[in-house]
Amino acid sequence: KVNRVCAKVREVMTQAELEGVTTTGQIISSGHFLFPILSTFAKESPPKLEEALTMIKNSAFDQFASGDTAGMNTKRSPLLLEKAQNSIQYLAFLANYELLFDTALGMYDFDLAKAVARNSQ
């Protein structure tokens, strides 16, 4: 039951971001619902951490590609952007940290695994 609710909520939020407008007509930007969508991944049983980490990574690379790097050295990983770091911290709060780190390692994405490890405290 929880999984179906999470999937439906995620579907509605993702569609709203793609269209750039909510069902009430409010104009929104890409990434507006990032934290709530991450919550839906983390609260499913079993948690969909790989999908959540992929979403964080894609969001970071999209932000980096758009030039919204806010004073960041462009030679560093997009996963070091503040929004990506905050997203990882939020996901670590919702999910078991060890499972999150193991998932990042299992994705064979070592930049992502380093970013998760950086937020272990």
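Here we summarise the structure given alongside this text.

Reading the values: the criteria
- Residues numbered from 1 in each chain as written.
- Predicted model: local features only at pLDDT ≥ 70, side-chain atom pairs only at ≥ 80, totals over all residues.
- Heavy atoms only, no water.
- Helix = DSSP H or I, 4+ residues; strand = E, 2+ residues; numbered from the N terminus.
- Rg over C-alpha atoms; globule rule 2.2 N^0.38 Å.
- Buried < 20%, exposed > 50% of the residue type's maximum accessible area, 1.4 Å probe, protein only.
- Contact = heavy atoms within 4.5 Å.
- Lys, Arg positive; Asp, Glu negative; His and termini not counted.
- Charge placed at Lys NZ, Arg CZ, Asp CG, Glu CD.
- Salt bridge = Lys/Arg side-chain N within 4 Å of Asp/Glu carboxyl O.
- Core = buried A, V, L, I, M, F, W, Y, C linked by side-chain atoms within 4.5 Å.

Examining the overall build of the protein
Step number 1: Secondary structure assignment for the protein yields six helices and zero strands.
Step number 2: Listed N to C, the secondary structure of the protein is α-α-α-α-α-α in terms of helices and strands.
Step number 3: Computed over C-alpha atoms, the radius of gyration of the protein comes to 15 Å, within 12% of the 14 Å expected from 2.2 N^0.38 for 121 residues, which places it in the range of a compact globule.
Step number 4: The C-alpha extent of the protein, read off along each of the three principal axes, is 40 × 35 × 20 Å.
Step number 5: By the burial criterion, 39% of the 121 residues in the protein qualify as buried.
Step number 6: Considering only residue pairs separated by 6 or more positions, the protein has 51% of its internal contacts joining residues 24 or more positions apart.
Step number 7: Distance between charge centroids for the protein: 2 Å, based on 12 positive and 13 negative side chains.

Focus: the pattern of salt bridges
Step number 1: Evaluation of the coordinates by the stated rule reveals five salt bridges.
Step number 2: Taking the shortest distance from any N to any O, the salt bridge between R10 and E44 comes out at 2.8 Å. Of this pair, R10 sits in helix α1 (residues 2–19) while E44 sits in the loop between α2 (34–43) and α3 (49–65), and the two are 34 residues apart along the sequence. Per residue, the accessibility class of R10 equals that of E44, and both read buried.
Step number 3: K114 is paired through a salt bridge with D111; the nearest N and O atoms lie 3.7 Å apart.

Side note on the nonpolar core
Step number 1: Ranked by size, the top nonpolar core spans 27 residues in total, and within it L53, L91 and L100 carry the most contacts.
Step number 2: For this core, the secondary-structure elements that each account for two or more residues are α1, α2, α3, α4 (82–94), α5 (97–106) and α6 (110–118).

Some words on α2
Step number 1: Of all ten residues making up α2, seven are buried, and the element is well covered by its neighbours.
Step number 2: For α2, the full list of buried residues reads L34, I37, L38, S39, T40, F41 and A42.
Step number 3: Looking at the buried residues of α2, the elements they touch are α1, α3 and α4.

A short note on the environment of L18
Step number 1: For L18, the location among the structural elements is in helix α1.
Step number 2: Residue classification places L18 among the exposed positions, given a relative accessible area of 69%.
Step number 3: Once the C-alpha coordinates of L18 and S29 are considered, the two residues, eleven residues apart in sequence, prove to be 8.7 Å apart.

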